[in-house]
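Remarks on the overall topology
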Amino acid sequence: MAAGARKVGAPPISVGRKAALYAGLTLAAIVSIGPILWALLTSVKPHELVVSSTPVWLFRPTLDNYATVFWYSSYGTYTLNSLLVAGAATLVSVLLGALAAYGFARLKFRGSAFLQLFILATRFLPFVAVVVPYYLLMNTLGLLDTHLALILAYVSFSLPFSTWMMIGFFADVPKELDESAMVDGCTRFGAFRRVILPLTLPGMAATAMISFLVAWNEFFFAVVLTNTSARTVQVGVTAFLDNPQTGSNWELISAAAVIAMLPLLVLATFAQKYLVRGLTFGAVNK
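Every residue gets a number counted from 1 within its own chain, in the order that chain's sequence is written. Selection of residues for local features in this predicted model requires a pLDDT of at least 70, selection of side-chain atom pairs for listing and counting requires 80 or more, and totals for whole chains, interfaces and linings are taken over all residues. The side-chain figures draw on all heavy atoms in the structure; neither hydrogens nor water molecules are used.

**Points about the overall build of the chain**
- What counts as a helix is a DSSP run of H or I of at least four residues, what counts as a strand is a run of E of at least two, and both are numbered from the N terminus. When you go through the chain residue by residue, the secondary structure sums to 14 helices and zero strands.
- Of the regular secondary structure in the chain, the N- to C-terminal order runs α-α-α-α-α-α-α-α-α-α-α-α-α-α.
- What makes two residues a contact is simply this: any of their non-hydrogen atoms within 4.5 Å. Considering only contacts in the chain between residues 6 or more positions apart, those separated by 24 or more positions represent 74%.
- Carbon and sulfur atoms provide 70% of the accessible area of the chain, an area that totals close to 17100 Å². Method for areas: the Shrake-Rupley scheme with a 1.4 Å probe, in which residue coverage is limited to the protein chains shown.

Structure follows, in structure tokens:
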């Protein structure tokens, strides 16, 4: 059986190709993780070592930079603002997107294909082209520097993505399940809520994860639509860019960046299983 397995199996990879593959993967890992490790290293350095003309690799780490960023500035408030805005925008976009996606997947009507393409096409519009209309609209409504302004802005460009992504998840669920639930007395919405929605939770979790990442990392709208009260963590990093006495505080910037990454790392760690299942949902059903 072993000999037969070698006959039908793929040919073994040569030592040279395997070495080249490992070298390429190592290089890709260094390029991807290198900036994060550099920021982590810089965040625990004293200021005089950061601005030193020669790199210093051996030093006693300090957590003073994190204390300065989190306790002696408004960065903690900025973090809470980001959690509130990104969480609310994700929740609204995923719930509304699920309803729209289910409608597109189950209810075919004249122009539905064009409408789906139009929804996707809104993602092609550069953010810089609409930030001024958003600013004027929020200014007219008196919503500048509020959480609601950012939530509305983030929902407007995450909802099309959520809808388009979840159409495939709902389309992969057999229509017979809807029909069976309605035969048993459920309404269309009842079948969606009780039967279809639980089956597509991995896909919804993947969509929510990506939407949250986009909202959390968004900078352009946050810097234009906020000033102090609703400032997010990404805009808060810029507060450490320039200091009249010391110049740019790279150690504080690095500490702020590491703090900004922590919620995403925690979320990705707990949601990894659902993210992988969601992104591969329906891939082997055919």
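**Comments concerning the packing of helix α5 (residues 75–106) against helix α8 (residues 147–171)**
- Closest axis-to-axis distance for the α5/α8 pair is 6 Å, and the angle between their directions is 35°. As for how α5 packs across α8, the hand of that crossing is right-handed. Every axis corresponds to a line fitted to the C-alpha atoms, with the helix fit spanning only the stretch in contact, and the corresponding angles, defined between N-to-C directions, vary from 0 to 180 degrees. Each crossing is labelled by how the near helix is turned from the far one, with a counterclockwise turn of less than a right angle marking it left-handed and a clockwise turn marking it right-handed.

**Focus: the packing of α5 against helix α11 (residues 201–217)**
- Look at α5 against α11: their axes get within 9 Å of each other, and the N-to-C directions meet at 140°. Judged by the inter-axis angle, α5 sits oblique to α11. Judged by the twist between their axes, the crossing of α5 over α11 is right-handed. Along the contact surface, α5 presents T79, S82, L83, A86, G87, T90, S93, V94 and A98, while α11 presents M204, A208, S211, F212, A215 and W216.
- Under the scheme applied here, ten amino acids are nonpolar (Ala, Val, Leu, Ile, Met, Phe, Trp, Tyr, Cys and Pro), four are charged (Asp, Glu, Lys and Arg), and all others, including Gly, are polar. Of the residues in the contact of α5 with α11, the class split is nine nonpolar, six polar and no charged. With respect to orientation, any angle under 35 degrees is reported as roughly parallel, any angle over 145 as roughly antiparallel, any angle of 65 to 115 as roughly perpendicular, and every other angle as oblique.

**Structural notes on the confidence of the model for the chain**
- pLDDT is a residue-level measure of predictor confidence that goes from 0 to 100. Chain-level pLDDT for the chain is 83 on average; 89% of the residues reach the 70-or-more range.
- This model gives residues 1–7 a pLDDT under 50, and the stretch forms zero contacts once residues within four places in sequence are excluded.

**Regarding the nonpolar core**
- The nonpolar core is taken to be a set of buried Ala, Val, Leu, Ile, Met, Phe, Trp, Tyr and Cys residues, with the residues joined through side-chain atoms within 4.5 Å. Relative accessibility decides the category of a residue: with a 1.4 Å probe and only protein chains considered, values under 20% of the type maximum give buried, values over 50% give exposed, and everything between is partly exposed. V69, Y75, Y154, W216, F221 and F240 are the most contacted members of the largest nonpolar core, which has 40 residues in total.
- Contributing elements (two or more residues each) for this core: α4 (64–71), α5, α7 (131–141), α8, α11, α12 (220–225), α13 (233–236) and α14 (250–279).
- The greatest single-element share of this core, amounting to eight residues, is contributed by α14.
- Aside from chain neighbours lying at most four places away, what touches Y154 is V85, A89, A215, E218, F221 and A222.
- Listed in part, the 17 residues of the second largest apolar core include A105, F169, F170 and V173.

**A few points about empty space enclosed by the protein**
- Throughout, the protein atoms alone are placed on a 1 Å grid, and a set of points is a cavity if a 1.4 Å probe fits but cannot get out or a pocket if it is open with protein on both sides within 12 Å along at least five of seven lines; lining residues have an atom within 4 Å of a point. Grid points are joined across faces, edges and corners, and a volume is the space filled by probe spheres set on the points. Here the structure, examined in full by the defined rule, presents one cavity of 30 Å³ or more.
- Counted as a void, the largest cavity has a volume near 30 Å³.
- In terms of lining, the largest cavity is formed by S82, V85, A86, Y154, A215, W216, E218 and T232.
- Contributions of two or more residues to the lining of the largest cavity are made by α5 and α11.
- The biggest single contributor to the lining of the largest cavity is α5, with three residues.
- Counted by class, the lining of the largest cavity contains five nonpolar, two polar and one charged residues.

**Quick look at the side chain of T232**
- When you line up the elements, T232 lands in the loop between α12 and α13.
- Ignoring anything within four residues of it in the chain, the contact list for T232 reads Y78, S82, L150, E218 and A222.

**A look at the layout of surface pockets**
- Quantified by volume, the largest pocket comes out at close to 170 Å³.
- For the largest pocket, the full set of lining residues is W38, T42, K45, L49, V50, S52, T54, P55, V56, W250 and S254.
- If you list the elements that add at least two residues to the lining of the largest pocket, you get α2 (15–43), α3 (47–50) and α14.
- Among the residues forming the lining of the largest pocket, the class breakdown is six nonpolar, four polar and one charged.

**Quick notes on the pattern of salt bridges**
- Salt bridges are defined as contacts in which a side-chain nitrogen from Lys or Arg sits within 4 Å of a carboxyl oxygen from Asp or Glu. Within this structure, the stated rule accounts for two salt bridges.
- Among the salt bridges present, the one from R106 reaches D178, with a minimum N-O distance of 3.1 Å. Linking R106 in helix α5 with D178 in helix α9 (residues 175–183), this pair joins segments that are 72 residues apart in sequence.
- Note that R188 and D178 form a salt bridge whose closest N and O atoms lie 3.9 Å from each other. Taken as a pair, R188 in helix α10 (residues 188–199) and D178 in helix α9 lie far apart in primary sequence, ten residues in all.

**Side note on a nonpolar patch on the surface**
- A cluster of nonpolar side chains, namely L91, V92, L95, L96, L99 and F189, defines an oily patch on the protein surface of about 550 Å² accessible area.
- Examined against the element boundaries, L96 turns out to sit in helix α5.
- What makes L96 partly exposed here is its relative accessible area of 42%. Patch membership is restricted to residues that have no salt bridge and whose relative accessible area is over 30%. Joining uses 9 Å for like charges and 5 Å for the nonpolar side chains Val, Leu, Ile, Met, Phe, Trp and Tyr.

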